[in-house]
Amino acid sequence: MAIQLGDIAPDFEQDSTAGKVRFHEWIGNSWAILFSHPKDFTPVCTTELGLAAKLKAAFDKRNCKMIAVSVDDVPSHKGWIGDIEETQHAKMNFPILADPDRTVSSLYGMIHPKANDTLTVRSVFFIDPNKKVRATITYPASTGRNFDELLRVLDSLQLTDKHQVATPANWKDGDDCVIVPSLTDEQAKPKFPKGWRTLRPYLRMTPQPNK
């Protein structure tokens with residue numbers, strides 16, 4: 001059965017370029033992004049891992065660890081890292097899980113047989129410190145991921161965990177937010193001292209509360 005939002009992320013123990021990873025233990029008290037790659041030594045994956053390495057500081061700032069996975073083994077990953085670093089001008093700084101036995105791919109439903117019955121699609125799982133899956137995004141092998149969008153989703157999840165807001169279309173960190181409809185105006189007053197604009201009773205725009 002497919003993993004659904006709110007499910008506990010399946011735990012596993014698997015080899016990686018950084019040694020053995022016990023997934024829940026490795027996450028610790030951080031957020032985590034687990035993202036899959038169809039295969040080593042492929043062009044789109046090479047650009048993705050290089051960009052992810054360059055953005056590590058941005059993910060660190062959000063208390064989020066990154067970990068990649070493909071169906072190849074550790075020696076293959078380590079050979080590929082040289083290509084990533086040389087062509088993308090980036091130093092690899094997060095683990096790549098080895099999954100030749102398809103353990104992780106199967107647990108997370110990363111192989112979609114109608115797309116390819118042996119290689120993973122480009123899955124992304126956002127996992128919170130309680131080990132719950134909070135968001136997922138799936139791309140086909142032909143489409144590289146937008147890492148600005150991964151950061152945007154992470155910002156939204158972390159903001160809406162702490163404040164009774166939702167983030168509207170195309171929201172970016174620092175933009176106005178929506179006050180959740182379950183709050184009455186009276187309940188909202190002490191929570192949103194900057195006030196809000198009422199476009200409809202259910203649509204109240206307020207400055208981002210943590211800015």
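We now turn to the structure provided with this report. Because the structure is predicted, anything quoted here is derived from the model rather than measured.

About the thresholds
Every residue gets a number counted from 1 within its own chain, in the order that chain's sequence is written. Restriction of local features to residues with pLDDT of at least 70 applies here, the model being predicted, together with a cutoff of 80 or more for giving and counting side-chain atom pairs; totals for whole chains, interfaces and linings are based on all residues. Just so you know, side-chain values use all the structure's heavy atoms and leave hydrogens and water out. Numbering of helices and strands runs from the N terminus; a helix is a DSSP stretch of H or I covering at least four residues, while a strand is a stretch of E covering at least two. In what follows, residue pairs with any heavy atoms lying within 4.5 Å of each other are defined as contacts. Each accessible area is a Shrake-Rupley result for a 1.4 Å probe, and residues are judged covered by the shown protein chains and nothing else. A pair of Phe, Tyr and Trp rings is counted when the ring centres sit within 6.5 Å of each other, with Trp represented by its six-membered ring. The angle between the planes then sorts it: under 30 degrees is stacked, over 60 is edge-to-face, the rest tilted. For every residue, the accessible area (1.4 Å probe, protein chains only) is compared with the maximum for its type, and the residue is labelled buried under 20%, exposed over 50%, or partly exposed between those bounds. Working rule: Lys NZ or Arg CZ, within 6 Å of ring centre, within 35 degrees of ring normal, means a charge sits over the ring. Here the expected length of a helix is defined as 1.5 Å per residue gap, with one fewer gap than residues. To qualify as a nonpolar core, a set must consist of buried Ala, Val, Leu, Ile, Met, Phe, Trp, Tyr and Cys residues joined through side-chain atoms within 4.5 Å.

**Considerations on the overall build of the protein**
Right, so step 1: Summing up its helical and strand segments, the protein has 7 helices and 11 strands in all.
Right, so step 2: Principal-axis analysis of the C-alpha atoms gives the protein an extent of 60 × 40 × 35 Å.
Right, so step 3: In the protein, of all internal contacts separated by at least 6 residues, the share reaching a separation of at least 24 is 64%.
Right, so step 4: Only carbon and sulfur atoms are counted for the fraction: they give 52% of the accessible area of the protein, which is about 10,700 Å².

**A word on the packing of aromatic side chains**
Right, so step 1: Tallied over the entire structure, the rule returns 7 aromatic pairs.
Right, so step 2: Between Y108 and F125, the ring centres sit 5.0 Å apart and the planes meet at 70°, which makes this aromatic pair edge-to-face. In this pair, Y108 sits in the loop between α5 (103–107) and β6 (122–127) while F125 sits in strand β6, placing the two residues 17 residues apart along the sequence.
Right, so step 3: Residue F125 is classed as buried on the basis of its relative accessible area, which comes to 6%.
Right, so step 4: A network of ring pairs unites the aromatic residues F12, F23, W26, Y108 and F125 as a single cluster.
Right, so step 5: The residue whose ring lies beneath K65 is W26, and the NZ or CZ to ring-centre distance is 5.2 Å.

**Looking at helix α2 (residues 43–54)**
Right, so step 1: Here α2 is 12 residues long and its end C-alpha atoms lie 17 Å apart, about the 16 Å a rise of 1.5 Å per residue gives.
Right, so step 2: For α2, the complete set of buried residues consists of C45, T46, E48, L49, G50, A52 and A53.

**Some thoughts on the nonpolar core**
A general trend in soluble globular proteins is that nonpolar side chains are found buried together.
Right, so step 1: One finds F35, L49, F59, M92, F94, V124 and F126 to be the most contacted residues of the largest nonpolar core, which totals 30 residues.
Right, so step 2: Of all the secondary structure elements, the ones that give two or more residues to this core are β3 (31–36), α2, β4 (64–70), α4 (74–88), β6, β7 (133–139) and α6 (147–162).
Right, so step 3: Broken down by element, the residue count for this core peaks at 6 residues, all from α6.
Right, so step 4: Apart from residues no more than four positions distant in its own chain, F59 is found in contact with I33, C64, M66, F147, L150, L151 and L154.
Right, so step 5: Core analysis: the second largest hydrophobic core is formed by 18 residues, V21, V69, V104 and M110 among them.

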